[in-house]
Structure formats: structure tokens, C-alpha cells
Amino acid sequence: MAVVRIPSQETVLTGQQEVTAFLGRYGIEYERWTADRPVGADASNDDLLLAYRHEIEALKARGGYRAVDVIDVRPDTPNLDAMLAKFSREHWHDEDEVRFIVEGRGLFHIHAEGAPVFALEVAAGDLIRVPRGTHHWFDLCAERRIRAIRLFQDTSGWTPHYTDSGVDAGFQPVCFGLSYVPSGPARL
Ligand SMILES: [Fe+2]
């Protein structure tokens, strides 16, 4: 389940309803997906795409997404640091950033216009859709593990455009984990 932190307001948001409502203010869609069939940790990419076929097809129709793939990142993935460095600086894309997390965790920082930067930690079962043009950056959590289904309108739109604002330097990529957060709204 996703967790939102707003450092400047010392606020943590948890719970599907609260997180969905908060993200919706910035045009970010959040859903929880369940598989049509059981999927084990050893499921192939094709198995995964089949298990979530209904959700994927519905989202493709809704968002005009044409390409779907699975990204699988582990601590020993070659050139992992170089790969992560491309996305851990504030940037935006010409198309939506759509991720369904199958395994592991990740941390988005979202810097919407006129709003305080907030952190969005996503975990297995979370689908997020960040609209094109939204300023953001991404880090893995400490275990450096994520497996996610990605949807694209056009993979050529996937190039990051860097803002070079320096805003990202003011935020630590620290994942929280639900286990550290009391249920419901909480103050840090
Ligand atoms: Fe991105």
C-alpha cells in the first residue's frame, strides 16, 4: 500500500482512500490491482502480463497506452547505479509515467506546480499514473528491488527532460514502509 509524506508539513498519509484523494489533486491516479490468477515470485513476464490482463487492457483503453513491458531490477543488476542516476534528478516526460508494482518498492518525489514536494512510496499491488509533464524524480528503497509493469503511449516519449532546479538535493530518498506508520493520518 502506498504511503505519502509531505516533509514541509510533517505529514504522512496512509490508507487507500486518503492517498487516492490526495494524489487526485495533482492528477495522479492511484489504484490497487489484484491478479486474475495466482502469481508466484518465479512468474515469468508473460505470466505477469496474463495475470493482470484485465486491468492492463482497461487502462490501455482509458489512457491510450500502446506498449507494455516488465522491468525487473535487483541489487546485482548490471549498471544499476548509472540507471538509477538517470531518474533520481528532477525531470519530466512527454508522456505519462505508468507503473504497476509487482514486487519490491520505490520512492517517487513529486513536485507539482505551486505545491510542496511530497514523497510517494509505492509497493506491490500499487498502480500509479503520473501525468506527462509532472516534475518528479525516483529512487529505489534500501533493498534496491523492484519489479513493475510499465505502460507507454509511445516509448520514444520516455526520454527524461531534466529541470536542473536542484530541488531534489533537499530531499533524502528514505523509504518509510507501512510498518513504521500508525494507521490513518499521522504526524511525524
Ligand atoms: Fe520519470
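In this report, the structure presented in the accompanying data block is examined. (Residues numbered from 1 in each chain as written. Predicted model: local features only at pLDDT ≥ 70, side-chain atom pairs only at ≥ 80, totals over all residues. Heavy atoms only, no water.)

So, about the coordination of the iron ion. Looking at the iron ion, one finds its protein donor set to be His91 (NE2), His93 (NE2), Glu97 (OE) and His136 (NE2), positioned 2.1 to 2.2 Å from the metal centre. Geometry at the iron ion is irregular, judged from its four donor atoms and the angles of 79 to 163 degrees they form at the metal. Each donor residue of the iron ion lies on the same chain, and together they follow the pattern H-x1-H-x3-E-x38-H. With a gap of 45 residues between them, His91 in strand S5 (residues 91-92) and His136 in strand S9 (residues 136-140) connect regions that are remote in the sequence. Each member of the pair His91 and His136 is classed as buried. (Donors = N, O, S within 2.8 Å, 3.2 Å for Na, K, Ca; no water. Tetrahedral: all angles 85-135°; square planar, octahedral: opposite > 155°, others 65-115°. Helix = DSSP H or I, 4+ residues; strand = E, 2+ residues; numbered from the N terminus. Buried < 20%, exposed > 50% of the residue type's maximum accessible area, 1.4 Å probe, protein only.)

Phi at Glu10 takes a positive value of approximately 50 degrees, unusual for a residue other than glycine. Within the secondary structure layout, Glu10 lies in the loop between strand S1 (3-6) and strand S2 (11-13). A relative accessible area of 46% places Glu10 in the partly exposed class. You will see that Arg144, though not glycine, has its phi angle at about 50 degrees, which is positive. Locating Arg144 in the fold gives a position in the loop between S9 and strand S10 (146-152).

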